[in-house]
Amino acid sequence: MEKRKIQFSLVYRDMFQSSGKFQPRKDQLERIAPVIIKMGCFSRVETNGGAFEQVNLLYGENPNKAVRAFTKPFNEVGIKTHMLDRGLNALRMFPVPADVRRLMYHVKHAQGVDITRIFCGLNDTRNIIPSIKYALEAGMTPQATLCITTSPIHTAEYYANIAEQLIAAGAPEICLKDMAGIGQPAMLGKLVAMIKAKHPEVIIQYHGHSGPGLSMASILEVCKNGADVIDTAIEPLSWGKVHPDIISVQSMLKNYGFEVADINMDAYMEARKLTQEFIDDFLGYFMNPSNKLMSSLLLGCGLPGGMMGSMMADLKGVMDAINNNRKAKGEEPLSEDTLLVRLFNEVAYVWPRVGYPPLVTPFSQYVKNIALMNLLTESMGKPRYTMMDQSIWGMILGKSGKLPGPVAPEIIELAKEKGYEFTDVDPQSNYPDDLPRFIEEMKQNGWERGEDDEELFEFAMHESQYRDYKSGIAKERFLKDLQAAKDKELQKGGNLSLEEVAAYKHAEADAVVAPDNGTVMYEVGGGSEGARSIDPAIGTEYKEGERLCYLQNQYGQTLEVKAALGGKLVEIVASQGKKVRKGDTIAYIRRNK
């Protein structure tokens, strides 16, 4: 009997999104792409989508250039590229007008993205089917997605019925997106078999996180029942709450009897080394170490592993308030572990009462926030559901789509008291077309719409972040956040005071001082069209005698300030536009050894 072939995808984008805040820079992606190709085992690579474009803007990089640069090498060798797409929400956390959604697929196809993985956190086909049609129109492959969770409602039959609707709408591929890794292997295998029995031609791709420990069993079950492609990761970002490693997955499936590609281990180790280099460069300063740990506790609450870091930060944020309220009532304070268990229990209580929304972005955040605020209001002697914002109410009322299950009577009654109305209208109807507004503003600002209208799309998709990117504020804010994160890590690692951290940075560093009274200018006219001048990046290398900045003195003269003996910039004392006196320190540059 001929062995059945299983293909692998590397979810390089999601490896980082599940681990921390930022994605690699364009130059880093250009370095890793040839190494991924050299590994020889991947038929597909996830290159962008989700939060990728947004976080590029947050650190001052053009996401369109990054996407084109990353997809190009894969396009040239026939490796399929794929992106993550939130359906109605497209590439952001809230709904997107239809004309912007439609434009997205034309832009991403032109940028070299082959497949778009379309999901709705509620599995509402009304939010997915339009995107299937838009993707087909643009020449992309729409991969319709089932958001997997475990509840009395979310059975194999429930999911198979949704898959039928999506395939009928034109989807040639189905993805099982097990974002929390809590899908039960037996159910997943049964679901794949049900889809394949009716549609053997449909490609099924499985995406599962490793957080609670079921992922390897799930992979084997879906492959035994007909799955075609498996998402995997590589070290140092595999496992934990991220994804299973390609080495383990390939070994398991090969020994079971499937035909799988071999792994070039020299290239794997090179990719591992490069990825660690990217983490050490800056990405690691924004990663939560807890995401490297697996946790069976996730099975009980059903929350995605990638949320654990933010959830713990939120928990610590309200812990003092809860314990202060308990103290005022003469009750003992709760430890962090006790409060965490209470939060998990509250999530389990709230989830069915708000209609069992699959716990994926943004609905996982909503359910977690309801549970967390319930714990706080309980400590205040107030009833549950007292502190729910408009986004949460939007989910409950049906503005984001149809909830899988019924809403609890007490919440329906609370909605009536507040004068809120439930709705079952198509969510897209609440968000009229909006591209003309952005076209007009770009024209007024003198901004180019970009190749294939990609800059127009970016502006319309991430309006506030794009404005900050164009002005230079985003990069300036990021550099300050990065330096603060580095200082915090140095302080923590060496048990140092803030003063000692400053002294450490200044050790073996030359102070660059102002030669006259005046105003500091690091660039004249800004670094790009429409962008204001900003401070140079910490870590910038200077040669001996190279210009660090300009100083405009009181007589209108522009003086060059040299970077002393050269080296690496370790601290900026006088930022862009600051007035200094003769002899004041502008910056510190550490000499290279």
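Right above here is the structure, for reference.
Note that the structure is predicted; figures quoted are calculated from it, not measured.

Draft legend 1. View of the overall build of the protein chain. Along its length, the protein chain carries 22 helices and 16 strands. Its C-alpha atoms give the protein chain a radius of gyration of 26 Å, near enough to 25 Å, the size a compact globule of 593 residues would have. Its C-alpha atoms give the protein chain principal-axis dimensions of about 80 × 65 × 50 Å. Looking at the 593 residues of the protein chain, the share that counts as buried comes to 55%. A separation threshold of at least 6 residues defines the contact pool for the protein chain, and within that pool the share at least 24 residues apart is 76%. Surface accessibility of the protein chain: about 24,800 Å² in total, with carbon and sulfur atoms responsible for 52%. Separation of charge centres in the protein chain, based on 69 positive and 76 negative side chains, amounts to 2 Å.

Draft legend 2. Broad picture of the pattern of salt bridges. Taken as a whole and judged by the stated rule, the model has 33 salt bridges. Measuring nitrogen to oxygen at the nearest pair gives 3.6 Å for the salt bridge that ties Asp14 to Arg13. Across the pair, Arg13 and Asp14 agree in class, each one buried. The partner of Arg102 in a salt bridge is Glu137, and the shortest N-O contact between them spans 4.0 Å. Placement of the pair is Arg102 in helix H5 (residues 98-110) and Glu137 in helix H6 (residues 125-138), with a sequence separation of 35 residues. When salt bridges with common partners are traced through the structure, they connect Asp434, Arg437, Glu441, Glu463 and Arg467 into a single cluster.

Draft legend 3. View of the sheet that holds strand E11 (residues 541-542). Strand order in the open sheet formed by four strands is E9-E16-E14-E11, and the pairing between neighbours is antiparallel. A strand with exactly one partner marks an edge of an open sheet, and here the two such strands are strand E9 (509-513) and E11. Both E9 and strand E16 (residues 585-590) contribute to a ladder of five bridges, which runs antiparallel. Directly across from Ala511, in E16, lies its bridge partner Tyr588.

Draft legend 4. Representation of the nonpolar core in the model. Counting residues in each nonpolar core, the largest one holds 151 residues, and the members touching the most others are Tyr12 and Leu146. The element best represented in this core is helix H15 (residues 363-379), accounting for nine residues. Setting aside anything within four residues of it in sequence, one finds Leu146 in contact with Asn123, Tyr159, Ile162, Ala163, Leu166, Ile174, Cys175, Leu176, Lys177, Leu191 and Ile195.

Draft legend 5. Quick peek at the environment of Phe344. Inspection of the secondary structure puts Phe344 in helix H14 (residues 336-353). Separated by 169 residues in the primary sequence, Phe344 and Val513 place their C-alpha atoms 55 Å from one another.

Draft legend 6. Just a nonpolar patch on the surface, in detail. On the surface, Ile247, Met265 and Met269 cluster together into a nonpolar patch covering about 230 Å² of accessible area. You can see Met265 is positioned in helix H11 (residues 265-281). For Met265, a relative accessible area of 35% corresponds to the partly exposed category.

Draft legend 7. Looking closely at the pairing of strand E10 (residues 518-521). With four bridges joining them, E10 and strand E12 (residues 547-553) adopt antiparallel strand pairing. Residue pairing across strands places Met521 opposite Tyr550, the latter belonging to E12. Where E10 lies against strand E15 (residues 579-580), two bridges are found, and the strand directions are antiparallel. Bridge pairing in E15 links Gly518 to Val580.

Draft legend 8. Expanded view of the sheet that holds E15. Within the open sheet, the four strands sit side by side as E13-E12-E10-E15. Their pairing is antiparallel. With partners counted over all chains shown, the strands left at the sheet margins are strand E13 (558-562) and E15, one partner each. Alignment of E12 against E13, held across five bridges, turns out to be antiparallel. By the bridge assignment for E13, Cys549 is matched with Val561.

Draft legend 9. Geometry of the packing of helix H16 (residues 390-397) against helix H17 (residues 409-417). At their nearest, the axes of H16 and H17 sit 12 Å apart, and the two run at 115° to each other. H17 is crossed by H16, and the crossing has left-handed handedness. Touching Trp393, Ile396 and Leu397 of H16 are Ile411, Leu414 and Ala415, all from H17. Across the contact of H16 with H17, the residue classes tally to six nonpolar, no polar and no charged.

Draft legend 10. Inspection of the packing of aromatic side chains at higher detail. Counted by the stated rule, this structure contains 22 aromatic pairs. For the pair Tyr105 and Tyr134, a centre-to-centre distance of 6.4 Å together with 45° between the ring planes defines the contact as tilted. Within this pair, whereas Tyr105 is found in helix H5, its partner Tyr134 is found in helix H6, the two being separated by 29 residues in sequence. The exposure class assigned to Tyr134 is buried, which follows from its relative accessible area of 10%. Seen from their ring centres, Trp393 and Tyr420 are 5.1 Å apart, and the 65° between their planes marks the pair as edge-to-face. Placement of the pair is Trp393 in helix H16 and Tyr420 in the loop between H17 and helix H18 (435-445), with a sequence separation of 27 residues. What links up through ring pairs into an aromatic cluster is the set Phe22, Tyr59, Phe282, Phe286 and Phe478. The residue whose ring lies beneath Lys177 is Phe119, and the NZ or CZ to ring-centre distance is 5.0 Å. Positioned above the aromatic ring of Phe438, the side-chain terminus of Arg437 is 4.2 Å from the ring centre.

Rules of the game
- Residues numbered from 1 in each chain as written.
- Predicted model: local features only at pLDDT ≥ 70, side-chain atom pairs only at ≥ 80, totals over all residues.
- Heavy atoms only, no water.
- Helix = DSSP H or I, 4+ residues; strand = E, 2+ residues; numbered from the N terminus.
- Rg over C-alpha atoms; globule rule 2.2 N^0.38 Å.
- Buried < 20%, exposed > 50% of the residue type's maximum accessible area, 1.4 Å probe, protein only.
- Contact = heavy atoms within 4.5 Å.
- Areas by Shrake-Rupley, 256 points an atom, 1.4 Å probe, with all protein chains shown as cover.
- Lys, Arg positive; Asp, Glu negative; His and termini not counted.
- Charge placed at Lys NZ, Arg CZ, Asp CG, Glu CD.
- Salt bridge = Lys/Arg side-chain N within 4 Å of Asp/Glu carboxyl O.
- Pairing = 2+ DSSP bridges.
- Core = buried A, V, L, I, M, F, W, Y, C linked by side-chain atoms within 4.5 Å.
- Patch = residues over 30% accessible without salt bridge, like charges linked within 9 Å, V, L, I, M, F, W, Y side chains within 5 Å.
- Axes fitted to C-alpha atoms, helices over the stretch in contact; angles between N-to-C directions.
- Left-handed = near helix turned anticlockwise from the far one by under 90°.
- Nonpolar A, V, L, I, M, F, W, Y, C, P; charged D, E, K, R; others polar.
- Phe/Tyr/Trp six-rings, centres within 6.5 Å; stacked < 30°, edge-to-face > 60°.
- Lys NZ or Arg CZ within 6 Å of the ring centre and 35° of its normal.

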